[in-house]
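# Reading the structure
Now for the letters of each chain:
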Amino acid sequence: MKTIFITGGAGFIGSHVVRLFVNKYPEYLIVNIDALTYAGNLENLKDVENKPNYRFEKVDITDAGRVNQVFEQYKPDGVIHLAAESHVDRSITDPFAFIRTNVFGTCNLLFAANQLWQNNYEGKRFYHISTDEVYGALEKDGSYFYETTRYQPHSPYSASKASSDHFVRAFHDTYGMPTVISNCSNNYGSHHFPEKLIPLCINNIRHNKPIPVYGKGENVRDWLFVDDHAAAIDLIFHKGKIGDTYNIGGNNEWTNIDLIRLLCKVMDRKLGREEGTSEKLITFVTDRKGHDLRYAICSKKLQDELGWKPSVTFEQGLEKTVDWYMANQQWLDNVTSGNYQQYYEKMYSNR
Ligand code: NAD
Ligand code: DAU
């Protein structure tokens, strides 16, 4: 039996990856390595928690001693590394949390994996999940991010992810460690923490609360359904070329304001409200500092070399997403109670 560590498995994307691997690969032991920060929630994995090939280990990846301990205990053959501080707005108020987890935490994992695997890399793999934000921002000119685009991160979040990408490549180039990296565009889907745009809009519309649109809402993001990202991760983990980078995107660009209007329409229908009701909640607020104008990523390499393509249209994915939140209102209420509520009020009282 192969043992695979999935870090950040209690978070949004990580929980989808854990679910996919636990169900699809009964021959693997999947160990979810997660510190359970505000963004990690074991409720996300209720449906797989009792499967014989699943384990959870509460580990803060910034704690080198604890990281070494679990590597010694399980001797993993592979690592799929998703654990991170992931929210750009939080990185603007507290960059150090991002440096600690995204940079130091990644280095702790690299170091522990290298200690365990050294001189015996056969069948081993360290897969680092990164973001398109490391490439910087594009103009609205039809250009794209490619695997060869130079790194130009702007936010503390993207700078910390860029730094972690560099360390992963450094471990490959220096020690010959079998690494692979992917850089993905904005994900959406179930179990997405409602500080991020799509679940935040759904939650606020549900509660008739203002929908905060940063600036004029003209920034563009390329949205990908989270299960399609998980499928890409599965392909890259098993078939990606060692030392390579793969871009993943939905080829699905939306300005924030158009996306929010679409969500209002879908939510009005789901809630039985007259069309146009929720649009009245749209509230333009002070822009995010250093707000990247546009992301658009070319995933041709992944499509041509590994045969990946998205399985759902945006309309289908959004419908599934909204339906999940409507059916899981308790989940939303649980994760938005307590500390998160205080954070939200503080964040938006400053805007
Ligand atoms: P998330 O914030 O929903 O989840 C992060 C998870 O990491 C949580 O379970 C949290 O508890 C865990 N974690 C945080 N700090 C930790 C630490 N010090 N030790 C152990 N665990 C810790 O994030 P997400 O949106 O699911 O993103 C997952 C990964 O994918 C991140 O690396 C992110 O940079 C990358 N990514 C995200 C997107 C997106 O649109 N969400 C797009 C591209 C890439
Ligand atoms: O591109 C991939 C990245 O996508 C990931 O690496 C990040 O982890 C993920 O959080 C996401 O980053 P963004 O900053 O693009 O996502 P967010 O949901 O925070 O914001 C999406 C857009 O919506 C962005 O232009 C800012 C805007 N926005 C966001 C919020 C939370 C608003 O207008 N209002 C809001 O309240």
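As shown above, the structure is provided for reference.
What you see is a predicted model; the values in this text were computed from it and never measured.

The next point concerns the sheet that holds strand E9 (residues 220-225). Here we have three strands laid out as an open sheet, ordered E7-E9-E11, and mixed in their pairing. Two strands bound the open sheet, and with one partner strand each, they are strand E7 (186-188) and strand E11 (253-255). The average angle at which neighbouring strand axes cross in this sheet is 50°, direction not considered. Strand direction decides the pairing type here: E9 and E11, joined by three bridges, are antiparallel. Across the sheet, the residue bridging to Arg221 is Trp254, located in E11. Running over the sheet, helix H7 (residues 226-239) touches E7 and E9 and is turned about 70° from E9.

This paragraph deals with the pattern of salt bridges. Scanning the entire structure with this criterion turns up 18 salt bridges. Salt-bridge contacts for Lys24 lead to Asp234; the nearest nitrogen and oxygen are separated by 2.6 Å. One end of the pair, Lys24, is in helix H1 (residues 12-24); the other, Asp234, is in helix H7, with 210 residues separating them in the sequence. The partner of Lys270 in a salt bridge is Asp323, and the shortest N-O contact between them spans 2.7 Å. Residue Lys270 is located in helix H8 (residues 256-271), and its partner Asp323 is located in helix H10 (residues 314-327); the two are separated by 53 residues in the primary sequence.

Assignment of secondary structure puts Thr3 in strand E1 (residues 2-7). Apart from residues lying up to four places away in sequence, Thr3 is in contact with Leu29, Val31, Tyr74, Pro76, Asp77 and Gly78.

Close to ligand 2 lie 24 residues, the nearest being Thr131, Asp132, Tyr157, Arg288 and His291. Interatomic distance of 2.7 Å between a side-chain N/O atom of Thr131 and an oxygen atom of ligand 2. Within the contact set of ligand 2, an oxygen atom lies 2.8 Å away from a side-chain nitrogen or oxygen of Arg221. The protein chains hide 95% of the 690 Å² of surface that ligand 2 would expose on its own. Contributions of two or more residues to the shell around ligand 2 are made by helix H6 (197-206) and strand E8 (211-214). Here the shell around ligand 2 gets three residues from one element, more than from any other, and that element is E8.

Our focus in this paragraph is the nonpolar core. By size, the foremost hydrophobic cluster in this structure holds 33 residues, and its most contacted members are Ile6, Phe21 and Ile80. Tallying contributions element by element places H7 first for this core, with seven residues. If sequence neighbours within four positions are ignored, Ile6 has contacts with Val17, Val18, Phe21, Ile30, Val31, Asn32, Ile33, Ile80 and Leu82. If you look at the next biggest cluster of nonpolar residues, it comprises 28 residues, including Ile211, Leu281, Tyr325 and Trp331.

Counted at 1.5 Å a residue, the expected span for H8 with its 16 residues is 22 Å, and the 22 Å between its end C-alpha atoms agrees. Buried within H8 are the following residues: Asn256, Ile257, Leu259, Ile260, Leu263, Cys264, Val266, Met267 and Asp268. Within two residues after H8, Gly272 carries a phi angle of roughly 70°, on the positive side.

A word on the packing of aromatic side chains. The way to describe two aromatic rings as a pair is by their centre distance and the angle between their planes. Inspection of the entire model under this criterion finds 17 aromatic pairs. Residues Tyr135 and Phe145 carry aromatic rings whose centres are separated by 5.2 Å and whose planes lie at 35° to one another, so their mutual orientation is tilted. Of this pair, Tyr135 sits in the loop between strand E5 (125-131) and helix H5 (156-175) while Phe145 sits in the loop between E5 and H5, and the two are 10 residues apart along the sequence. Each member of the pair Tyr135 and Phe145 is classed as buried. Here the aromatic rings of Tyr325 and Trp331 are separated by 6.2 Å at their centres, their planes lie at 65°, and the arrangement is edge-to-face. This pair shows no difference in class: Tyr325 is buried, exactly as Trp331 is. An aromatic cluster is defined as three or more aromatic residues linked by ring pairs; in this entry it consists of Phe21, Tyr25, Tyr28 and Phe237. Cation over ring: Arg90 sits above Tyr38, and NZ or CZ is 3.5 Å from the ring centre. The aromatic ring of Tyr246 is capped on one face by Lys301, whose charged end is 4.6 Å from the ring centroid.

Quick look at the sheet that holds strand E2 (residues 28-34) now. Pairing in this open sheet of seven strands is parallel, and the strands run E3-E2-E1-E4-E5-E6-E10 from one edge to the other. Each edge of the open sheet carries a strand with a single partner, namely strand E3 (54-58) and strand E10 (245-248). The mean angle between the axes of side-by-side strands here comes to 20°, regardless of whether they run parallel or antiparallel. Here strand E6 (residues 179-184) runs beside E10; their pairing, made up of four bridges, is parallel. For Ser182, the partnering residue across the bridge sits in E10 and is Tyr246.

Glancing now at unusual backbone geometry. Within the chain, Leu36 stands out as a residue other than glycine whose phi angle is a positive 55°. When you line up the elements, Leu36 lands in the loop between E2 and E3. By relative accessible area, Leu36 is classed as partly exposed at 26%. With phi around 45°, Lys75 is a residue other than glycine that occupies positive phi space. Secondary-structure assignment places Lys75 in the loop between helix H2 (64-74) and strand E4 (78-81). Looking at Lys75, the relative accessible area reads 44%, which means it is partly exposed.

Basis of the calculations
- Here, residues in each chain are numbered from 1, in the same order as that chain's written sequence.
- As a convention, the first chain written is A and the first ligand written is 1, with the rest following in written order.
- Where local features are concerned, this predicted model is filtered to residues with pLDDT of at least 70; where side-chain atom pairs are given and counted, the filter is 80 or more; whole-chain, interface and lining totals use all residues.
- Calculated side-chain values reflect all of the structure's heavy atoms, with hydrogen atoms and water omitted.
- At least two DSSP bridges between two strands are needed for those strands to be called paired.
- Put simply, DSSP marks the helices as runs of H or I at least four residues long and the strands as runs of E at least two long, and each gets a number from the N terminus on.
- All axes are obtained by fitting lines to C-alpha atoms, using only the stretch in contact for helices, and the reported angles, taken between N-to-C directions, cover 0 to 180 degrees.
- Contacts are assigned to residue pairs that have any heavy atoms within 4.5 Å of one another.
- By convention in these notes, a salt bridge is any Lys or Arg side-chain nitrogen within 4 Å of a carboxyl oxygen on Asp or Glu.
- Near is defined per residue: the residue qualifies when any heavy atom it owns lies within 4 Å of the molecule or strand.
- Under the rule applied, a polar contact is a pair of N or O atoms within 3.5 Å (in protein, one hydrogen donor and one hydrogen acceptor; residues adjacent in sequence only if both atoms are side-chain atoms).
- We get accessible surface area from the Shrake-Rupley algorithm with a probe of 1.4 Å; when it comes to residues, only the shown protein chains can shield them.
- Definition used in this section: a nonpolar core is a set of buried Ala, Val, Leu, Ile, Met, Phe, Trp, Tyr and Cys residues joined via side-chain atoms within 4.5 Å.
- The classification of residues rests on relative accessible area computed with a 1.4 Å probe and restricted to protein chains. Under 20% of the type maximum is buried, over 50% is exposed, and intermediate values are partly exposed.
- An expected span of 1.5 Å times one less than the residue number is assigned to each helix.
- Any two rings among Phe, Tyr and Trp, with Trp reduced to its six-membered ring, count as a pair given centres within 6.5 Å; such a pair is stacked if its planes are under 30 degrees apart, edge-to-face if over 60, and tilted if neither.
- The criterion is that NZ of a Lys, or CZ of an Arg, lies within 6 Å of the ring centre and within 35 degrees of the ring normal, and then a charge sits over that ring.

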